[in-house]
Number of protein chains: 2
Amino acid sequence: MPQGKPTHVPADGLTTRQRRNRPLLLVHTGQMKGKSTAAFGLALRAWTAGMPIGVFQFVKSAKWRVGEENALRALGELHERTGQGAPVTWHKMGEGWSWIQRGDQADHAADALEGWRQIQRDLAEERYKFYVLDEFTYPMKWGWVDVDEVVDTLAGRPGFQHVVITGRDAHPRLVEAADLVAELTKIKHPMDAGQKGQKGIEW
Amino acid sequence: MPQGKPTHVPADGLTTRQRRNRPLLLVHTGQMKGKSTAAFGLALRAWTAGMPIGVFQFVKSAKWRVGEENALRALGELHERTGQGAPVTWHKMGEGWSWIQRGDQADHAADALEGWRQIQRDLAEERYKFYVLDEFTYPMKWGWVDVDEVVDTLAGRPGFQHVVITGRDAHPRLVEAADLVAELTKIKHPMDAGQKGQKGIEW
């Protein structure tokens, strides 16, 4: 909203412009669906602003994000063809990360850690300007990825890189480190009325 | 989430498929930013599912949605050229609705009502399958548009048309009529730390 004004101006020695142009760590958490959808909505803004987008999905099945994936990939292809917007790169753990030669059995803990290692490399190289780490709260919760390492890496990331992390039960240290934390709260959901998910809405 | 299961199955005589394929009225409300962004994220799914999208923005300034607008318009143009996805139509009250020859002075109450009248016509003609009525809670709150008329029109809309309404202070009768109500709650926001909005994130 255009009316948004800072509630106070901190004595951090930064100009408004410097403060404005700080890269952000955003966390979308809460019990409600829509956390990832909101993150992908934000990616639309990043795309328009010309920020290269990197999506890392820490989910077992890719089916439930296919709507956003397909549309954002289309925007990425549009960029390749016309220069509009920004490139979009989409990585999925569920099918095995594309940069890894998968062995025999899937090991979710190892896969998640591999995903995080790639994110670390990409952050160090400043490969994207807008990262979506979809459902990344779970590998942290389950101990597959070290929370302190995540927080330290994000705090020390170079250059100008926004990061959005989605998922329930965001770790308190992640919440503390974040610039913005949005919680999605369910007031009412069709599944309460016995309705199952449907195409175009749930995926 | 794939794990989502109805908490109970209602005795409404519908099969699961019939119940699944019911058009939904969704409300994104709460004090947090991101309500509209989440709605536009949902529009990505609708686009992929081939549902024609109609956006009606009941906001004075269009500047703050330009990121989403630009990206979704690009998807609409992609559809026109390649047949991928679905058409996207974007209406803005702030610049005068495109279907109206603007007179001299802007009258926000009259403009809002004109917007709602067009939505009524479009619903009656089943022009779109996915409507975003962005910031539409305010014209209802301010009495520019009659709440009962909105609820009745939406309840009686023909065919298969999803409607998402965003904005703070959703009227209780609208909440009652909705299939899904999501509230965005602020846990932490950069503006609290004296940071102003920035391109690619706030617009």
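Residues numbered from 1 in each chain as written. Chains lettered and ligands numbered in written order. Predicted model: local features only at pLDDT ≥ 70, side-chain atom pairs only at ≥ 80, totals over all residues. Heavy atoms only, no water.

- The name given to chain A in an unreviewed UniProt entry is Cob(I)yrinic acid a,c-diamide adenosyltransferase, with the source organism recorded as Micromonospora musae.

A look at the overall build of chain A
Then comes step 1: Counting its regular elements, chain A contains seven helices and six strands.
Then comes step 2: Listed by position from the N terminus, the elements making up chain A come as α-β-α-β-α-β-α-β-α-α-β-α-β.
Then comes step 3: Burial status across chain A gives 52% buried among its 203 residues.
Then comes step 4: Within chain A, contacts between residues separated by at least 24 positions form 76% of all contacts whose residues are at least 6 apart in sequence.
Then comes step 5: Carbon and sulfur atoms make up 49% of the accessible area of chain A, which amounts to about 8,700 Å² in all. (Helix = DSSP H or I, 4+ residues; strand = E, 2+ residues; numbered from the N terminus. Buried < 20%, exposed > 50% of the residue type's maximum accessible area, 1.4 Å probe, protein only. Contact = heavy atoms within 4.5 Å. Areas by Shrake-Rupley, 256 points an atom, 1.4 Å probe, with all protein chains shown as cover.)

Things to note about helix α4 (residues 108-125) of chain B
Then comes step 1: The terminal C-alpha atoms of α4(B) lie 26 Å apart, and with 18 residues this matches the ideal 26 Å at 1.5 Å per residue to within 8%.
Then comes step 2: The first or second residue beyond α4(B) is B:E126, which carries a positive phi of 55°. (Expected span 1.5 Å × (residues − 1).)

Some thoughts on the pattern of salt bridges
Then comes step 1: Summed over all chains, the structure comprises 16 salt bridges over all chains.
Then comes step 2: Across the pair A:R73 and A:E69 runs a salt bridge, and its minimum N-O distance is 2.8 Å. With a gap of four residues between them, A:R73 and A:E69 both fall in helix α3 (residues 66-82), about one helical turn apart.
Then comes step 3: In this structure, the salt-bridge partner of B:R173 is B:D148, at a minimum N-O distance of 2.5 Å. Taken together, the positions of B:R173 in helix α7 (residues 172-177) and B:D148 in helix α6 (residues 147-155) put the pair 25 residues apart, joining distant regions of the chain.
Then comes step 4: For B:R173, a relative accessible area of 37% gives the class partly exposed.
Then comes step 5: Salt bridges linked by common partners bring A:E69, A:R73 and A:K92 together as one network. (Salt bridge = Lys/Arg side-chain N within 4 Å of Asp/Glu carboxyl O.)

Quick notes on the environment of A:W47
Residues and elements named next belong to chain A.
Then comes step 1: Relative to the helices and strands, W47 resides in helix α2 (residues 35-48).
Then comes step 2: Looking at W47, the relative accessible area reads 0%, which means it is buried.
Then comes step 3: A sequence separation of 37 residues divides W47 from Q84, and the C-alpha atoms of the two residues are 8.6 Å apart.

Focus: the environment of A:W90
All names here are of chain A.
Then comes step 1: Residue position: W90 is located in strand β3 (residues 88-92).
Then comes step 2: The buried category is assigned to W90, whose relative accessible area is 7%.
Then comes step 3: For W90 and G54, which are 36 residues apart along the polypeptide, the C-alpha to C-alpha distance reads 6.1 Å.
Then comes step 4: The residues contacting W90, other than those within four sequence positions of it, are F40, V55, Q57, E68, E69, L72 and R73.
Then comes step 5: A polar contact of 2.6 Å, which involves the side chain of W90, links it to the side chain of Q57. (Polar contact = N/O pair within 3.5 Å; in protein donor to acceptor, adjacent residues only side chain to side chain.)

Notes on the pairing of β3(A)
All names here are of chain A.
Then comes step 1: Burial analysis of β3 places four of its five residues in the buried class, the great majority of the element.
Then comes step 2: Here strand β2 (residues 53-57) pairs with β3 via five bridges, running parallel. Along β3, the bridge assignment pairs I53 with V88. (Pairing = 2+ DSSP bridges.)

Points about the confidence of the model for chain A
Detailed conclusions should not be drawn from predicted coordinates in areas where pLDDT is low.
Then comes step 1: Scored by pLDDT, chain A has a mean of 83; 76% of the residues are at 70 or more.
Then comes step 2: Highest mean pLDDT in chain A belongs to helix α6 (residues 147-155) of chain A (97); lowest belongs to helix α1 (residues 16-20) of chain A (56). (pLDDT = per-residue confidence, 0-100.)

Here we look at the side chain of A:T166
Residue and element names in this part refer to chain A.
Then comes step 1: One can find T166 in strand β5 (residues 162-166).
Then comes step 2: Here S36 takes part through its side chain, which lies 3.5 Å from a polar atom of the side chain of T166.
Then comes step 3: When neighbours within four sequence positions are excluded, T166 is seen to be in contact with H28, K35, S36, A39, L133, D134, E135, F136 and T137.

Section: the pairing of strand β5 (residues 162-166) of chain B
Residues and elements named next belong to chain B.
Then comes step 1: Within β5, five of the five residues are buried, leaving the element largely enclosed by the surrounding structure.
Then comes step 2: Side chains H162, V164 and T166 of β5 all project onto a buried face; the interleaved residues V163 and I165 project onto the opposite face, where all are buried too.
Then comes step 3: Bridge analysis of strand β4 (residues 130-134) against β5 gives four bridges, and the strand direction is parallel. The residue of β5 that forms the bridge with V132 is V164.

Quick word on the packing of α3(A) against helix α2 (residues 35-48) of chain B
Then comes step 1: For the pair α3(A) and α2(B), interaxial distance at closest approach is 7 Å and the crossing angle is 85°. Viewed along their axes, α3(A) and α2(B) adopt a mutual orientation that is roughly perpendicular. Contact residues: α3(A) offers A:V66, A:G67, A:E68, A:N70, A:A71, A:L72 and A:A74, while α2(B) offers B:G41, B:L44, B:R45, B:W47 and B:T48.
Then comes step 2: Of the residues assigned to the contact of α3(A) with α2(B), the class counts are six nonpolar, four polar and two charged. (Axes fitted to C-alpha atoms, helices over the stretch in contact; angles between N-to-C directions. Parallel < 35°, antiparallel > 145°, perpendicular 65-115°, else oblique. Nonpolar A, V, L, I, M, F, W, Y, C, P; charged D, E, K, R; others polar.)

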